[in-house]
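A closer look at the structure
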Amino acid sequence: MIMNITHRRFLLLATIVALLGAGVFSLGLGGPFVLDDAHTIVENAGVHMESLDRDSLLDAAASFYAGKGTRPLPMLTFGLDYWRHGSLDARTYKMTNLFIHALTTLLLALFVRRLLRLADWPAQRAALAALAVALVWAVHPLQVSSVLYVVQRMQTMAALFLVLALWAYLGLRRAEMEDRPGWRYGVLALVSWVLALASKEDAILLPVYALVLELTVLRFRVSRPERERGLRRSWLAAALVGVAVFLFWALPHYWSSEAYPGRDFNSMERLLTQARVLVMHLGQVLLPLPSLMPFNYDDFEVSRGLLQPVTTLLALLALTAVLVWAWLWRRRRPVFACGVLFFFAGHVLTSNVIALELVFEHRNHLPLVGAVLALVDLFWLACQRWQAPQRWSAVGAGALLLLVTVAGGARAHLWGDAARFAEHNVDIAPDSPRACLTLGGVYFDLAGRKNSRGSPYLDRAIEAVEDCAQRTGSASAYSNIVIYKTIQGTVTPEDWQRLLQRLEEVPMLPANKNILWTTFANVRAEIGLEEAQVMRVLDVIVRRAQLQPAEYLRIGAFLYLSTSQPDAALPYFVRGAEMLPTGDRSVVNLRNEFRAVGRDDWARALEKANRMDSTPGSRGL
């Protein structure tokens, strides 16, 4: 006998599910900042708020440098986290992420229940299914990296407001079906969408999610036939506009037959690879084992053609089959079709021609709702087909929920300790340069970094990066070998030569170009790097990499201030000045500094390179 779930009881149960999801993932609170957390939070002075004054709040909101001030809401919350704790404590930021995750889980339960009721599911079954979907979504191991990777608050906040917007959209549509005012829901949906867009740009997909709901569960139903025709025409027009924008703006803007800047794949290769990526993610959804989720996917093979590798073609056929299946069942099993199409809708941007990294788990954060919804509908269909007794159906569902919860907790536990997390990632992805470099970095931190000579952890750090270099050929691994051995006092000319040789061989992708800045930072840290060898590294990277004007100026500043060869800086200053607009502030300031220290010849050289008026103090505009 299934208990009667009233609205109040449903809210209580949904709250318990939300708290359970947060509680399971709290096992990972002890973990460190990772990857992009460094430049977005740790090194970003804009979010280090000391007070709640207006300027501090605005600076924090506009401090997402990679997006030129976009994503203001999550950036503001990072600033508030710093302000309330007074330091860069990863646990504080992760606790906020858990709160957002719990709130989204609660709203998700409400959204799914409303969706299932509109699909004509009985009230009790809809309530139980909604709670099941919310729980699986909340504790699924794939979600760990969205919630405990602090910077992905951008993704989780966008998902929070998108779920609220979709719940409101369903309320608006139900009001239209019942011929009663629904404008309040419309306003809420619009406001929520704006907040989602202020969190992350992929919230632009809200209309795509809404169209999926219309094509499957809602079927453009309204109270009057003439309104239904108008609604269908409106959606058709919106879809055609979206297709036109993609074909005539996005595709020409982003398409590249050559490798994207900073990537080793082009547009076609990216699209082909995404077929395998999506199949992999669906496999991770179906078999949620932490050992199948390495977090680092930088060793994921690029598809160079339909048969390179052959799994590319197989993946395309599998995805086509799933989509056709969902489309054919959109009337027979609208909830299943809705779930499948919802999953793919969530990947429309990230699996398209934009030059993003090939794989990131957090891209499944909201699309996972669709996958779980489809699986729950199939589970219910199986129970009906096999006429399973209610008790056995409940036991089976409970066992599956328990298994997913345990898997989520196990993965969250791995995230709870830096060394445990890094060692696990190397175990399951030994050929990932990012994984093994992270492991070396963790041991280096445990050794005490600059003051680590004599520490056994430094030996382990060197061993980790030596193994990384041998397995992956990573230039960064060879660079870290030189750095760690320099601190240990065991670096050899052969170590430097291996680094230089590898720099001559690898493509100058951002990670390899960044070796230059890492080397500069360690020279300034006075760990004892040989200047002659540093200059050789500089020569190779400058010769092989495409540098931006600011990077030339950065190199000049390093040579001028941190080496015994300050005169070598001038050509780099001049090159940067040549590439910048006339009167650029950085060039003017640099010119004035040289005048102030009596280097008028350098000041004149900058003026000539930047095409400036030579009048003292002139900005050349």
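Look up: the structure comes first, before these words.
Residues numbered from 1 in each chain as written. Predicted model: local features only at pLDDT ≥ 70, side-chain atom pairs only at ≥ 80, totals over all residues. Heavy atoms only, no water.

**As for the overall build of the protein**
Put simply, the rule reads: Helical segments are the DSSP runs of H or I of at least four residues, strand segments are the runs of E of at least two, and each set is numbered from the N terminus. Put simply, the radius of gyration uses C-alpha atoms, and a globule should come to 2.2 Å times the residue count raised to 0.38. Working definition: with a 1.4 Å probe on protein chains only, accessible area under 20% of the residue-type maximum means buried, over 50% means exposed, and in between means partly exposed. Any two residues whose heavy atoms approach within 4.5 Å are treated as being in contact. Neither His nor the chain ends is counted toward charge; the positive residues are Lys and Arg and the negative residues Asp and Glu. Lys charges are placed at NZ, Arg charges at CZ, Asp charges at CG and Glu charges at CD.
Looking only at helices and strands, one finds 27 helices and zero strands in the protein. Whereas a compact globule of 621 residues would reach a radius of gyration of roughly 25 Å, the protein reaches 28 Å, a difference of no more than 12%. On the principal axes, the C-alpha backbone points of the protein span a range of 85 × 60 × 55 Å. Burial statistics for the protein: of 621 residues in total, 51% are counted as buried. The contacts of the protein with a sequence gap of at least 6 include a subset with a gap of at least 24, amounting to 71%. Counting 62 positive and 53 negative side-chain charges, the protein places the averaged centre of each group 12 Å from the other.

**Quick look at the layout of surface pockets**
Our working rule: Space inside and on the surface of the protein is sampled on a 1 Å grid over the protein atoms alone, with a cavity defined as a set of points where a 1.4 Å probe fits but cannot get out and a pocket as an open set with protein on both sides within 12 Å along at least 5 of 7 lines; lining residues have an atom within 4 Å of a point. Grid points are joined across faces, edges and corners, and a volume is the space filled by probe spheres set on the points. Gly is placed with the polar residues, together with every amino acid not listed as nonpolar (Ala, Val, Leu, Ile, Met, Phe, Trp, Tyr, Cys and Pro) or charged (Asp, Glu, Lys and Arg).
Here the second largest pocket is characterised by a volume of approximately 1,200 Å³. For the second largest pocket, the lining is made up of 35 residues, of which Ala 132, Val 376, Phe 379, Ser 393 and Ala 397 are closest to its centre. Elements that contribute at least two residues to the lining of the second largest pocket include exactly α6 (123-139), α12 (267-286), α15 (367-385) and α16 (390-415). When residues in the lining of the second largest pocket are grouped by element, the largest group, nine residues, is from α16. Class assignment of the residues belonging to the lining of the second largest pocket gives a composition of 27 nonpolar, seven polar and one charged.

**Considering the state of the cysteines**
The criterion, for reference: The rule for a disulfide is simple: a pair of cysteine sulfur atoms within 2.5 Å.
One pass over the structure, following the stated rule, counts one disulfide. The disulfide that involves Cys 436 links it to Cys 468, with 2.1 Å between the sulfurs. Highlighted residues: Cys 436 in helix α18 (residues 433-447) and Cys 468 in helix α19 (residues 456-472), separated in sequence by 32 residues. The exposure class of Cys 436 is buried, given its relative accessible area of 4%. Cys 468 sits in the buried class, given a relative accessible area of 0%.

**Considerations on empty space enclosed by the protein**
What the rule picks out here adds up to three cavities of 30 Å³ or more. In this structure, the largest cavity occupies an estimated 90 Å³ of space. Gln 155, Ala 159, Leu 162, Asp 202, Leu 205, Tyr 209, Gly 346, Thr 350, Arg 363, Leu 366 and Pro 367 together form the lining of the largest cavity. Looking at side-chain class alone, the lining of the largest cavity contains six nonpolar, three polar and two charged residues.

**Structural notes on the nonpolar core**
Quick note on the threshold: What is meant by a nonpolar core is a set of buried Ala, Val, Leu, Ile, Met, Phe, Trp, Tyr and Cys residues, joined one to another through side-chain atoms within 4.5 Å.
Counting 117 residues, the largest nonpolar core has Phe 10, Phe 111 and Leu 213 as the members making the most contacts within it. Counting residues in each nonpolar core, the second largest holds 68 residues, with Ala 464, Ala 545, Tyr 552 and Ala 609 among its members.

**Regarding the pattern of salt bridges**
Once the charged atoms of two side chains with opposite charge are near each other, the side chains can pair. This is how it is decided: We define a salt bridge as a side-chain nitrogen of Lys or Arg found within 4 Å of a carboxyl oxygen belonging to Asp or Glu.
The full count for this structure, using the stated rule, is 28 salt bridges. Note that Asp 467 and Arg 471 form a salt bridge whose closest N and O atoms lie 3.5 Å from each other. A residue pair is termed a helical-turn pair when its members lie 3 or 4 positions apart in one helix, as Asp 467 and Arg 471 do in helix α19 at four residues. For Asp 467, a relative accessible area of 36% translates into the label partly exposed.

**What about the environment of Lys 200?**
Going by this rule: Pairing of N or O atoms within 3.5 Å defines a polar contact, subject to two protein rules: one partner must be a possible hydrogen donor and the other a possible acceptor, and residues neighboring in sequence count only if both atoms are side-chain atoms.
One can find Lys 200 in the loop between α9 (183-197) and α10 (206-218). In this structure the C-alpha to C-alpha distance between Lys 200 and Phe 161, which are 39 residues apart in sequence, comes to 11 Å. At a separation of 2.7 Å, a polar atom in the side chain of Lys 200 contacts the side chain of Gln 155.

**Re the packing of α6 against α15**
Cut-off, in case you're wondering: Angles here are taken between N-to-C directions and fall from 0 to 180 degrees, while the axes themselves are lines fitted to C-alpha atoms, restricted in helices to the stretch in contact. Each angle is binned into one of four classes, with values under 35 degrees roughly parallel, values over 145 roughly antiparallel, values of 65 to 115 roughly perpendicular, and all other values oblique. Each crossing gets its hand from how the near helix is turned against the far one by less than a right angle, where anticlockwise is left-handed and clockwise is right-handed.
Across the interface, α6 lies against α15 with an axial gap of 10 Å and an inter-helix angle of 135°. Our classification of the angle between α6 and α15 gives oblique. Considering the relative orientation of α6 and α15, their crossing is right-handed. Facing Arg 125, Ala 129, Val 133, Val 136 and Trp 137 of α6, the residues of α15 in contact are Leu 368, Val 369, Val 372, Leu 373, Val 376 and Trp 380.

**A word on the side chain of Asn 97**
Take Asn 97: it is sitting in helix α5 (residues 90-118). The exposure class assigned to Asn 97 is buried, which follows from its relative accessible area of 1%. Setting aside anything within four residues of it in sequence, one finds Asn 97 in contact with Val 147, Tyr 149, Val 150 and Arg 153.

**Some words on a nonpolar patch on the surface**
Counted only if it meets this: Distance thresholds for patches are 9 Å for like charges and 5 Å for nonpolar side chains (Val, Leu, Ile, Met, Phe, Trp, Tyr), applied to residues having over 30% relative accessible area and no salt bridge. Note on areas: these come from Shrake-Rupley sampling with a 1.4 Å probe, and a residue is covered only by the protein chains present in the view.
Nonpolar side chains collect at one region of the surface, where Leu 306, Leu 307, Val 310, Leu 313, Leu 314 and Leu 317 lie side by side and expose about 550 Å² of accessible area between them. Inspection of the secondary structure puts Val 310 in the loop between α12 and α13 (311-328). On the basis of relative accessible area, Val 310 is assigned to the partly exposed category, the value being 48%.

**With respect to the environment of Thr 40**
With respect to the helices and strands, the residue Thr 40 is situated in helix α2 (residues 37-42). Take Thr 40: its relative accessible area is 4%, and that puts it in the buried class. For the pair Thr 40 and Leu 559, spaced 519 residues apart in sequence, the C-alpha to C-alpha distance is 27 Å. In this structure, Thr 40 is in contact with Val 47, Phe 64, Met 75, Phe 78, Val 151 and Met 154, ignoring residues within four places of it in sequence. Here Asp 36 takes part through its backbone oxygen, which lies 2.9 Å from a polar atom of the side chain of Thr 40.

**A word on helix α22 (residues 510-524)**
Stated formally: Take the residue count of a helix, subtract one, and multiply by 1.5 Å to get its expected span.
With 15 residues, α22 ought to run about 21 Å at 1.5 Å a step, and its terminal C-alpha atoms sit 21 Å apart, in line with that. Buried residues of α22: Asn 512, Lys 513, Ile 515, Leu 516, Trp 517, Thr 519, Phe 520, Asn 522 and Val 523, and no others. Buried positions along α22 lie against α20 (475-488), α21 (493-505), α23 (531-544) and α24 (549-562). Remark: Glu 526 follows α22 within two positions and exhibits a positive phi of approximately 60°.

**Quick look at the packing of aromatic side chains**
Stated precisely, the cut-off is as follows: Two rings from Phe, Tyr or Trp (for Trp, the six-membered ring) form a pair when their centres sit within 6.5 Å of each other. Planes less than 30 degrees apart are called stacked, planes more than 60 degrees apart edge-to-face, and all others tilted. Geometrically, a charge over a ring is one whose NZ (Lys) or CZ (Arg) sits within 6 Å of the ring centre while staying within 35 degrees of the ring normal.
Tallying each qualifying case throughout the model produces 23 aromatic pairs. Judged by centre distance (4.3 Å) and plane angle (40°), the ring pair of Trp 415 and Phe 421 falls under tilted. A centroid spacing of 3.7 Å and a plane angle of 10° characterise the contact between Phe 520 and Phe 558, whose relative ring orientation is stacked. In this pair, Phe 520 is assigned in helix α22 and Phe 558 in helix α24, connecting sequence segments 38 residues apart. For Phe 520, a relative accessible area of 1% gives the class buried. On the basis of relative accessibility, which here comes to 1%, the residue Phe 558 falls in the buried class. Feature note: the residues Tyr 149, Phe 295, Trp 415 and Phe 421 constitute an aromatic cluster, connected by ring pairs. Its guanidinium or amino end placed over the ring of Trp 121, Arg 125 lies 5.2 Å from that ring's centre, counting from NZ or CZ. Directly above the ring of Trp 327 sits Arg 330, whose terminal nitrogen or CZ lies 4.0 Å from the centroid.

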